[in-house]
Amino acid sequence: MSPDGTTILFGLPGVRVRRVEHVASHPVVGHLRPGTPARLVHVVTTDPAAAFCLACGVVSSSVRQRRTTSPRDVPYGDQRLAVRWHKVQYACRERRCPRKAFTEQIPELPAGARLTGRLRRQVGAAVGDGQAVSVAGAGLMSWPISHAAFIVHAQELLAEPTAVTVLGIDETRRGRPRWTRCETTNTWMKLERFETNFVDLGGRQGLLGQASGRRKDNVIAWLDERGQDWKDQVQIVAMDPCATYRSAIRQALPNALIVADHFHLVALANKAVTEVRRRVTVDTTGRRGTAQDPIWAKRTRLLRAKERLSPRRSPECGTA
Ligand SMILES: [Zn+2]
C-alpha cells in the first residue's frame with residue numbers, strides 16, 4: 001500500500017499516520033505545558049520487521065495486547081506536534097524461545113526509546129553547528145540527553161587520526177573550579193577541568209584527540225585506543241617537563257624519544273634567572289627591589305631572547 005499524503009508529510013520511517021487531531025491541552029502529552037494547544041498525530045507501525053521476535057527472530061502474528069506511547073519528535077510548524085504511537089505487543093509462539101512476548105520497535109524508536117532517532121540527530125547536529133547544548137535541546141530533551149546526542153553526532157563525523165611520527169602532548173585547563181554532588185555517595189566532587197591534547201607535530205592533522213584529565217591512565221587509554229600499529233609509528237613525543245606524561249609515554253610508547261618542548265625549557269630558565277635576581281637584590285640591599293633600583297627597572301631585559309636585544313643592550317657589549 002503506497003503511503004498517504006499525511007504519512008509522507010509526517011515522514012517518520014516505519015509508521016503510518018492513522019489520523020491527526022487538534023487538542024487544546026492533552027493530559028498525556030507530558031512535555032507540553034497544560035493549556036498548550038497541540039496537533040496529536042496517531043501513528044501505527046508499518047515496518048514488517050517490527051513483528052519479528054527480539055529473542056528468536058521468528059515473525060509473530062499473535063497479538064497479545066495493544067499499547068500506546070508518546071515519544072517526542074522533532075518540532076514542525078508553529079503549533080506543537082505530539083505523537084501517539086499505537087503499538088502491538090505480540091506473543092512469541094516458538095516453543096523453544098525464552099521470550100514469551102515482545103512489543104513492536106522500529107529503528108527510529110527502539111525498545112524503551114522516548115525520543116525519535118531523528119529528534120536526537122537534529123539536536124546533536126545543532127550542537128555540532130555551534131548551538132549551546134541547553135539551547136539546542138530546549139523544551140525537547142534534558143541537557144544530558146542533548147549532550148549524549150551530540151556525542152553520537154560527533155563520533156560519526158570524527159575520523160580516526162592516521163599514524164604520526166612526531167606527537168605533541170599538552171594540557172588545557174577550562175574555566176573556574178566547579179563542583180557537583182555525586183548521586184550515589186551524596187558527596188561533593190570537583191569537576192575535571194583539565195584535558196590532555198594530542199597533536200600531530202610532524203604532519204597536518206592538527207589536534208588528533210583529547211583525553212579527560214591529565215592522569216597517566218587516561219593518556220595511556222587514549223594511546224591504546226589507537227592500536228599497536230598506530231603506536232609503533234610514533235618516533236618522537238614532545239611535551240612539557242611533566243612526570244605524569246613522561247611516565248605514561250614510557251609505558252605506552254616505550255620506543256619513542258621524549259623531548260621537552262622549547263617553550264617550557266625557556267620558561268624554566270627564566271624562572272631560575274628571576275629567582276637569582278630577587279635573591280641577589282635582597283642580599284645586596286636587604287630589601288625587595290623597587291622602581292628606583294636599575295636592576296628591577298630593567299628586569300625584563302634579563303628575560304629577553306638574545307636575538308631580540310639591540311646591539312647596545314646585548315650582554316656581550318657590557319653596557320646594559
Ligand atoms: Zn521468540
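Reading the values: rules and limits
Residues numbered from 1 in each chain as written. Predicted model: local features only at pLDDT ≥ 70, side-chain atom pairs only at ≥ 80, totals over all residues. Core = buried A, V, L, I, M, F, W, Y, C linked by C-beta atoms within 7 Å. Buried ≥ 20, exposed ≤ 12 C-beta atoms within 10 Å, placed from the backbone. Helix = DSSP H or I, 4+ residues; strand = E, 2+ residues; numbered from the N terminus. Contact = placed C-beta atoms within 7 Å. Pairing = 2+ DSSP bridges. Axes fitted to C-alpha atoms, helices over the stretch in contact; angles between N-to-C directions. Arc of directions from axis to C-beta. Domains from an automatic or database assignment. Parallel < 35°, antiparallel > 145°, perpendicular 65-115°, else oblique. Right-handed = clockwise from strand over helix to strand, strands pointing away. Left-handed = near helix turned anticlockwise from the far one by under 90°. Nonpolar A, V, L, I, M, F, W, Y, C, P; charged D, E, K, R; others polar.

Core analysis: the largest hydrophobic core is formed by 14 residues, its most contacted members being L167, I169, V237 and Y245. Every element with two or more residues in this core is listed here: β6 (166–173), α5 (216–226), β11 (236–239) and α7 (243–252). Looking at which element gives the most residues to this core, the answer is α7, with three residues. Not counting residues within four places of it along the chain, the set of residues in contact with Y245 comprises I169, V219 and M239. With eleven residues, the next largest nonpolar core counts V15, V17, A82 and L109 among its residues.

On to the sheet that holds strand β10 (residues 206–212). Ordered by their spatial adjacency, five strands build an open sheet running β10-β9-β6-β11-β12, and the pairing between neighbours is mixed. A strand with exactly one partner marks an edge of an open sheet, and here the two such strands are β10 and β12 (257–260). Pairs of neighbouring strands in the sheet enclose a mean axial angle of 25 degrees, with direction left out of account. Here four bridges tie β6 to β11, and the two strands are oriented parallel to one another.

All of the buried residues in α7 are Y245, A248 and I249. Considered in projection along α7, the buried side chains sweep an arc of 95 degrees and stay on one side of the axis. Next to the buried residues of α7 lie β6, α5, β11 and β12.

Attention now moves to the pairing of β12. Across four bridges, β11 lies against β12 in parallel orientation. By the bridge assignment, V237 is partnered in β12 with I258.

Turning next to unusual backbone geometry. Glycine aside, residues mostly have negative phi angles, and peptide bonds mostly take the trans form. Not every positive phi belongs to a glycine, and N186 is a case in point at roughly 60 degrees. Positionally, N186 belongs in the loop between β7 (179–181) and β8 (188–190). Taking the C-beta count within 10 Å as the criterion, N186 has 7 such neighbours and is therefore assigned exposed.

Our next topic: the domain arrangement of the protein. As assigned here, the protein comprises domain 1 (3–114), domain 2 (117–158), domain 3 (166–260) and domain 4 (264–317). A straight line from the C-alpha centre of domain 1 to that of domain 4 covers 74 Å.

Attention now moves to the packing of helix α2 (residues 117–128) against helix α4 (residues 143–157). Relative orientation of the contacting elements α2 and α4 amounts to 80 degrees, with a least axis distance of 7 Å. Classified by the interaxial angle, the pair formed by α2 and α4 is roughly perpendicular. Facing R120, R121, V123, G124, A125, V127 and G128 of α2, the residues of α4 in contact are S146, A149, F150, V152, H153 and A154.

Right, let's talk about the pairing of β11 for a bit. Side chains of β11 alternate between two faces, with V237 and M239 buried and I236 and A238 left unburied. In the classification by handedness, the crossover that spans β11, the intervening α7 and the parallel β12 is right-handed.

What follows covers the packing of α5 against α7. Any two packed helices are characterised by how steeply their axes cross, that is the angle between the axes, and by the distance between the axes. Two elements in contact, α5 and α7, have axes whose closest approach is 9 Å; the angle formed by their N-to-C orientations is 35 degrees. In this structure, α5 crosses over α7, and the sense of that crossing is right-handed. When α5 is examined against α7, the residues K216, V219, I220, L223 and D224 are found in contact with a partner set consisting of T244, Y245, S247, A248, Q251 and A252. For the contact of α5 with α7, the per-class residue count stands at six nonpolar, three polar and two charged.

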